[in-house]
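Here's the letter readout for the chains.
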Amino acid sequence: MCGIIGYVGSRDCVQIIQSGLSKLAYRGYDSAGIAVCHEGDIDLRRAHGKLENLVARLALEPMRGHTGIGHTRWATHGRPSESNAHPHRYGRFAIVHNGIIENFLELRQELIDRGHTFASETDTEIVVHLLAEYYSPERGFAAAMHDALRRVRGSYAIVAICADFPDEIIAARQQSPLLLALGEGENFAASDIAAVLAHSRQFIFLEDGDIARITPSSIEITDISGKPVTRAPKSIEWDISAAEKQGYPHYMLKEIFEQPQKITDTFRGRILEEEGLVNLDEQIAAMHIEQSKRLQIVACGTSYHAGLLGKYVIESLARIPVDVDVASEFRYRNPIIGPDDCFIAISQSGETADTYACLKIARERGAKILSICNVMDSTIPRASDATFYTRADPEIGVASTKAFTTQLASLLLLAIHCARAKNTITKDRAKSLLASLRSVPTHMESILAHSDQVRAAAQKLLRANSFLYLGRNIHYPIALEGALKLKEISYIHAEAYPSGEMKHGPIALIDDRLPVIVIAPKNSTYEKTLSNLQEVKARGGRLISIVTEGDDMLTRVSEYAFAIPDCDELIQPFFSVLYLQLLAYHIADLLGNDVDQPRNLAKSVTVE
Ligand code: M6R
């Protein structure tokens, strides 16, 4: 995830910004840079790779200034490189940006037509060119920012400097976090508290639409039309470790709670609801995966579970046969794959050795290669014909959470795209599905508000030796994912079965010590699942169910029942999995385990 820090005051800011950037490093980044106002101009240093590279650059080519901005970049548009690193400088301005400018292609063309030349592949660079376009010394820096942002669609946290206003920084927020830290004769802007905690405990949290003009001794906040707004400062007493986790006790919990925002980011610019269409990157659209005879999904762990769900949604909507394999199996079974097939590698990290080995087999045999990945330009995307980036930002907790739900979101978008291209669903059905997808983040927020109830259940369940997870159809992969989460971080044995398969063996396990987690919202297999529940109850099993809101009957017979909204069957997994992530998290935390770095596990499995 990109990180921002800005400073205006009387101290030399390079060291302050550099040390602020080091506090943002935990978020993950692939390049970094600093720009300062100096002697009527803007000085800029950037470096690809680790912060040490930037520090080495600054040692060779030092710079000084009292007003400046810095950034750690995690690539979303444009590969990781020095020219794509922030700050971006043009004319009298330099800016740093977190977020995605959705209409950057059309703005870029417009600016090229007006004679601008661009030095990077980023969406961000548009904004610094717009500033130059709208700037006049008489109207000032802030007015140029207002004009520029009126042209921009998308999400942003922006901090900018202008060589003509060396005692001013401008900060603007739209759907991407940004705060101001208040000092004595100096002020700061930052994406995270961690970056500025060493200098201040008083913060103003900007809200969507806010634009702040910040000098060493004043802060003026207006909305985009220039109308003043008031934001009260808040005191924060966190230490640095709490600040990095944004006040959450663990990265995993922070990442669970980030999911509504990350899903919003995955959808940004990709949903054309009115047309009932999905707007894919050109490279992906050009692959015409809907014309493939068969899709072969390969992945490991949580990504494999996303792949299984992908099979359900792609087959049901687009009527394309989909096979899903665990990578370590696929690579040694002499798989049947060829030029008529599309191979889809799903990997959060893009570095998983087994998945990459399978990709190479598929490549040798002539299949088209698409990857669904979270880390731009990692090994798997580089070896693919095209990549659908999930935009979950770096995931630090070893147990995958937001990577999973953004993979689901990506697979649903691909399924709807293929279905429309093949005419297997109507425009109206696509519109209704896309509208349902758009509602996912809001519903997720309301489920996350029940975290304390899940913790209360976790308290009562944590002494169990084993758990059984049951789900049918699209909830079977969710049951698998719930069981994996519990195993990984609580070290309690858990297994998942398709509900209908229970009677073929696992039913023998059921007694009053076995918690059985059943995912049973109202959908096309609800009645069938009810019979499976009766089988659990009849044997005295402890029933914990995930139900549709208002399902009093199931709620009554369950020891704990957690409700999800009454919604399209295809989006139910986004909600059921939240409860399972929370349950695993709370059990592990109550057991005192190292939730973020569970024993024996690595975040990225780069060996076979
Ligand atoms: O980076 P990838 O998605 O390729 O990683 C695959 C698995 O190693 C990963 O999902 C693993 O199972 C996680 N620990 C799950 O929480």
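Cut-off values and rules
Residues numbered from 1 in each chain as written. Predicted model: local features only at pLDDT ≥ 70, side-chain atom pairs only at ≥ 80, totals over all residues. Heavy atoms only, no water. Domains from an automatic or database assignment. Contact = heavy atoms within 4.5 Å. Buried area = accessible area lost by both parts, 1.4 Å probe. Salt bridge = Lys/Arg side-chain N within 4 Å of Asp/Glu carboxyl O. Polar contact = N/O pair within 3.5 Å; in protein donor to acceptor, adjacent residues only side chain to side chain. Helix = DSSP H or I, 4+ residues; strand = E, 2+ residues; numbered from the N terminus. Nonpolar A, V, L, I, M, F, W, Y, C, P; charged D, E, K, R; others polar. Pairing = 2+ DSSP bridges. Near = heavy atom within 4 Å. Areas by Shrake-Rupley, 256 points an atom, 1.4 Å probe, with all protein chains shown as cover. Buried < 20%, exposed > 50% of the residue type's maximum accessible area, 1.4 Å probe, protein only. Right-handed = clockwise from strand over helix to strand, strands pointing away. Axes fitted to C-alpha atoms, helices over the stretch in contact; angles between N-to-C directions. Expected span 1.5 Å × (residues − 1). Bend = angle between axes of the 7 residues up to and from the residue. Core = buried A, V, L, I, M, F, W, Y, C linked by side-chain atoms within 4.5 Å.

With that settled, consider the domain arrangement of the chain. Interfaces are often sized by the accessible area lost when the parts come together. Assigned domains within the chain: domain 1 (3–244), domain 2 (254–444) and domain 3 (450–590). When each unit is reduced to the centre of its C-alpha atoms, the spacing between domain 2 and domain 3 is 26 Å. Taken together, the contact pairs 28 residues of domain 2 with 24 residues of domain 3. Carbon and sulfur atoms make up 78% of the area that domain 2 and domain 3 hide from each other, which totals about 2200 Å². Contact with domain 3 buries area across many residues of domain 2, yet I256, H305 and Y312 alone supply 24% of it, more than any other trio. In this assembly, domain 2 and domain 3 are joined by one salt bridge. Applying the counting rule to domain 2 against domain 3 returns six residue pairs in polar contact (both at pLDDT 80 or more). Among the secondary structure elements, those contributing two or more residues to the side of domain 2 that touches domain 3 are helix 7 (251–267), helix 9 (301–318), helix 13 (402–422) and helix 14 (427–448). Among the residues making up the side of domain 2 that touches domain 3, the classes are represented as 17 nonpolar, ten polar and one charged.

Ordered in space as 3-2-4-1-10-9-11-14, the eight strands form an open sheet in which the pairing is antiparallel. A strand with exactly one partner marks an edge of an open sheet, and here the two such strands are strand 3 (41–48) and strand 14 (234–235). As judged from the eight bridges shared by strand 2 (residues 31–38) and strand 3, these two strands associate in the antiparallel manner. Residue pairing in the sheet places S31 in a bridge with H48 of strand 3.

Checked against the element boundaries, I416 lands in helix 13. As for I416 and L277, which are separated by 139 residues in sequence, their C-alpha atoms are 7.6 Å apart. Residues contacting I416, with those up to four places away along its chain left out, are V278, L317, I425, A430, L433, L434 and L437.

Glancing now at the site of the ligand. As a matter of local geometry, the ligand sits amid 14 residues, with S303, S347, Q348, T352 and E488 nearest to it. Side-chain polar atom of K485 to an oxygen atom of the ligand: 3.0 Å apart, as the coordinates give it. Expressed as a share of its isolated accessible area of 410 Å², the protein-covered part of the ligand is 91%. Listing elements by their share of the shell around the ligand, those giving two or more residues are helix 9 and helix 16 (475–490). A per-element tally of the shell around the ligand places helix 9 first, with three residues. Residues belonging to the shell around the ligand are distributed by class as follows: four nonpolar, eight polar and two charged.

For the rest of this paragraph, the subject is the pairing of strand 17 (residues 294–299). Two faces, one strand: in a regular strand the side chains alternate between the faces of the sheet. The buried fraction of strand 17 amounts to six of the six residues, a majority that puts the element mostly inside the structure. Because side chains alternate across strand 17, one face comprises the buried residues R294, Q296 and V298, and the other comprises L295, I297 and A299, equally buried. For strand 17 and strand 19 (residues 341–347), the ladder comprises five bridges, and the chain directions are parallel. Bridging across to strand 19, I297 finds its partner in I344. Taken together, strand 17, helix 9 and strand 18 (residues 322–326) form a β-α-β motif whose crossover is right-handed.

As enumerated under the stated definition, the model contains 35 salt bridges in all. Close ionic contact of D147 with R139 constitutes a salt bridge, the shortest N to O distance being 2.9 Å. When its relative accessible area of 14% is taken as the criterion, D147 is described as buried. Residue R455 is joined to D589 by a salt bridge in which the shortest nitrogen-to-oxygen separation is 3.0 Å.

Here we take up the sheet that holds strand 21 (residues 386–389). Spatial strand order, 18-17-19-20-21: five strands in an open sheet with parallel pairing. The sheet is open, and its two borders are formed by strand 18 and strand 21, each paired with just one other strand. Across the sheet, the axes of successive neighbouring strands diverge by a mean angle of 20°, strand direction being ignored. Strand direction decides the pairing type here: strand 20 (residues 368–373) and strand 21, joined by four bridges, are parallel. Residue L370 lies in a different strand from strand 21, and its bridge partner there is A386. Set on the sheet, helix 13 makes contact with strand 17, strand 19, strand 20 and strand 21; between it and strand 20 the angle comes to about 140°.

Looking now at helix 7. Between the first and last C-alpha of helix 7 there are 23 Å, a value that for 17 residues agrees with the 24 Å anticipated at 1.5 Å per step. The axis of helix 7 is deflected most strongly, by about 50°, at Q259, and proline P260 appears within four residues downstream. Count one or two residues on from helix 7 and you reach G269, which has phi positive near 80°.

Residue P87 follows H86 across a cis peptide bond; omega there is -5°. Inspection of the secondary structure puts P87 in the loop between strand 4 (67–73) and strand 5 (88–90). The phi dihedral of Q246 falls on the positive side, at around 50°, and the residue is not glycine. Among the secondary structure elements, Q246 is positioned in the loop between helix 6 (240–244) and helix 7. With a relative accessible area of 33%, Q246 lands in the partly exposed category. Positive phi values are uncommon outside glycine, yet D393 reaches one of about 65°. Here D393 lies in the loop between strand 21 and helix 13.

Right, let's talk about the nonpolar core for a bit. Burial of nonpolar side chains together is a common tendency in soluble globular proteins. Ranked by size, the top nonpolar core spans 94 residues in total, and within it L437, F467, Y469 and F574 carry the most contacts. Both domains that meet at this core, namely domain 2 (254–444) and domain 3 (450–590), each give it at least three residues. Setting aside residues no more than four positions away along its own chain, L437 makes contact with F267, I271, L412, L413, I416, I571 and F574. I5, Y7, F188 and A194 belong to the second-largest nonpolar core, a separate cluster that totals 31 residues.

This part takes up the side chain of S200. Along the chain, the position of S200 falls in the loop between strand 10 (187–190) and strand 11 (202–205). In terms of polar contacts, S200 uses its side chain to reach the backbone carbonyl oxygen of L182, at 2.8 Å. Polar side-chain contacts of S200 include one of 3.0 Å to the backbone nitrogen of Q202. For S200, the contacting residues outside a window of four places in its chain are A181 and L182.

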